[in-house]
Amino acid sequence: SLITTSGYGAQFQHAGTAAVPVVAETRRADHPHEVPAGDADSGEELLGRPAPAWTFTRWIGPPLSLEELRGKVVLLRWWTEGCHFCANTLPELESLRRAHADDGLVVIGVFHPKPPREVSDRKIVALARRLGFSGPIAVDREWTTLGRYWLADHPERNWTSVSFLVDRQGDIRWVHGGGEYHRTDDPAHARCAIQYRELESALAAALAETPRGASAP
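Residue positions within a chain follow its written sequence, with the count starting from 1. It should be noted that, the model being predicted, local features are given only for residues of pLDDT at least 70 and side-chain atom pairs only at 80 or more, the latter also being counted only at that level, while totals for whole chains, interfaces and linings use all residues. The side-chain quantities take in all heavy atoms of the structure and omit both hydrogens and water.

Caption draft 1: Molecular detail of helix α2 (residues 121-130). Remark: exposure states derive from per-residue accessible area (1.4 Å probe, protein chains only) relative to the maximum for the residue type, with buried under 20%, exposed over 50%, and partly exposed in between. By definition, any uninterrupted DSSP run of H or I lasting at least four residues is a helix, any uninterrupted run of E lasting at least two residues is a strand, and each is numbered from the N terminus. Residues I124, L127 and A128 constitute the buried set of α2. Looking straight down α2, one finds its buried side chains confined to an arc of 100°; they lie on one side. Of the residues in α2, the exposed ones pointing more than 90 degrees away from the buried face are R122 and R130. Contact between two residues is taken to exist if any of their heavy atoms lie within 4.5 Å; hydrogens are not considered. In the core, the buried residues of α2 are packed alongside β3 (58-60), β4 (73-79), β5 (105-111) and β6 (137-139). Just downstream of α2, G132 is the residue with a positive phi angle, here 90°. It is the directions from the helix axis to the C-beta atoms whose arc is reported.

Printed below as a string of structure tokens:
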């Protein structure tokens, strides 16, 4: 979803011991296919870097860590309530999760409430199921991990519904800087289809690799 004056922006200030996002006003196209190439949300500078550790508020279900998932390919997607970009994307991620689970893909849906606040696990699970997602769910209540991955020190960022593909070595291989991506023949969503194909390509390459230190079959 977009950062707006009713949402929370990319700068963080500290109030007591909690990091509180500062409101950042921004104007941005409503769909990622309308955004010019080379914009601040490309995330190109993150490619090839080790994925930061995550410190989610909690997990709904068994907790997962990057260290435990080393050797797997991990796709992280931040999502929230009332985000139609998330509603258009999560069903595609569920399809990928089901298709490639045996190949070593783990898809994690990271719920980040807007504004940051407590939301019950029951409600979050109901929202995820309504959007067609049944994979592991982490809760990033105060956007702490979202800040570490994307927002902190980047006031130019415009989106929070971001995605990261992490390879078997723990390095970031693909970044989607917010909005939606999915299969479609609709010319109005041409960019969404292009970005989905980019994900498919990056995912295929990552799944084909053998983890360092492992013997090829």
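Now that the structure has been shown, we can carry on.
Caption draft 2: Region of the structure containing the side chain of R157. With respect to the secondary-structure elements, R157 resides in the loop between α3 (144-151) and β7 (163-166). Any pair of N or O atoms that falls within 3.5 Å is considered a polar contact. Within protein, one atom must be able to donate a hydrogen and the other to accept it, and sequence-neighbouring residues count only if both atoms are side-chain atoms. Polar contacts involving the side chain of R157 include one to the side chain of E45, which spans 2.7 Å.

Caption draft 3: Representation of unusual backbone geometry within the structure. Cis geometry marks the peptide bond from K114 to P115; its omega dihedral reads -5°. Examined against the element boundaries, P115 turns out to sit in the loop between β5 and α2. One non-glycine residue, W143, lies in positive phi territory at about 65°. Topologically, W143 is positioned in the loop between β6 and α3. For W143, a relative accessible area of 0% translates into the label buried. Its identity is not glycine, yet D153 carries a phi of approximately 70°, on the positive side. Tracing the backbone through its elements, the reader meets D153 in the loop between α3 and β7.

Caption draft 4: Looking closely at the pattern of salt bridges. The term salt bridge refers to a side-chain nitrogen of Lys or Arg lying within 4 Å of a carboxyl oxygen of Asp or Glu. A complete count under the given rule lists 12 salt bridges for this structure. Among the ionic pairs, E81 bridges to K123, the shortest N-O distance being 3.5 Å. Here K123 lies in helix α2 and E81 lies in the loop between β4 and α1 (84-100), a separation of 42 residues in the sequence. Of the residues examined, E81 reaches a relative accessible area of 35% and is grouped as partly exposed. For K123, a relative accessible area of 37% corresponds to the partly exposed category.

Caption draft 5: The sheet that holds β6, seen in detail. Pairing is mixed across the open sheet formed by six strands, whose spatial order is β3-β6-β5-β4-β7-β8. The sheet is open, and its two borders are formed by β3 and β8 (172-176), each paired with just one other strand. When the angles between neighbouring strand axes are averaged without regard to direction, this sheet yields 20°. DSSP bridges decide pairing: two strands pair if at least two such bridges lie between them. Direction of pairing for β3 relative to β6: antiparallel, over a ladder of three bridges. Helix axes are fitted only over the stretch in contact, all axes being lines through C-alpha atoms; the angle between N-to-C directions runs from 0 to 180 degrees.

On their own, these measurements won't tell you what the molecule is for.
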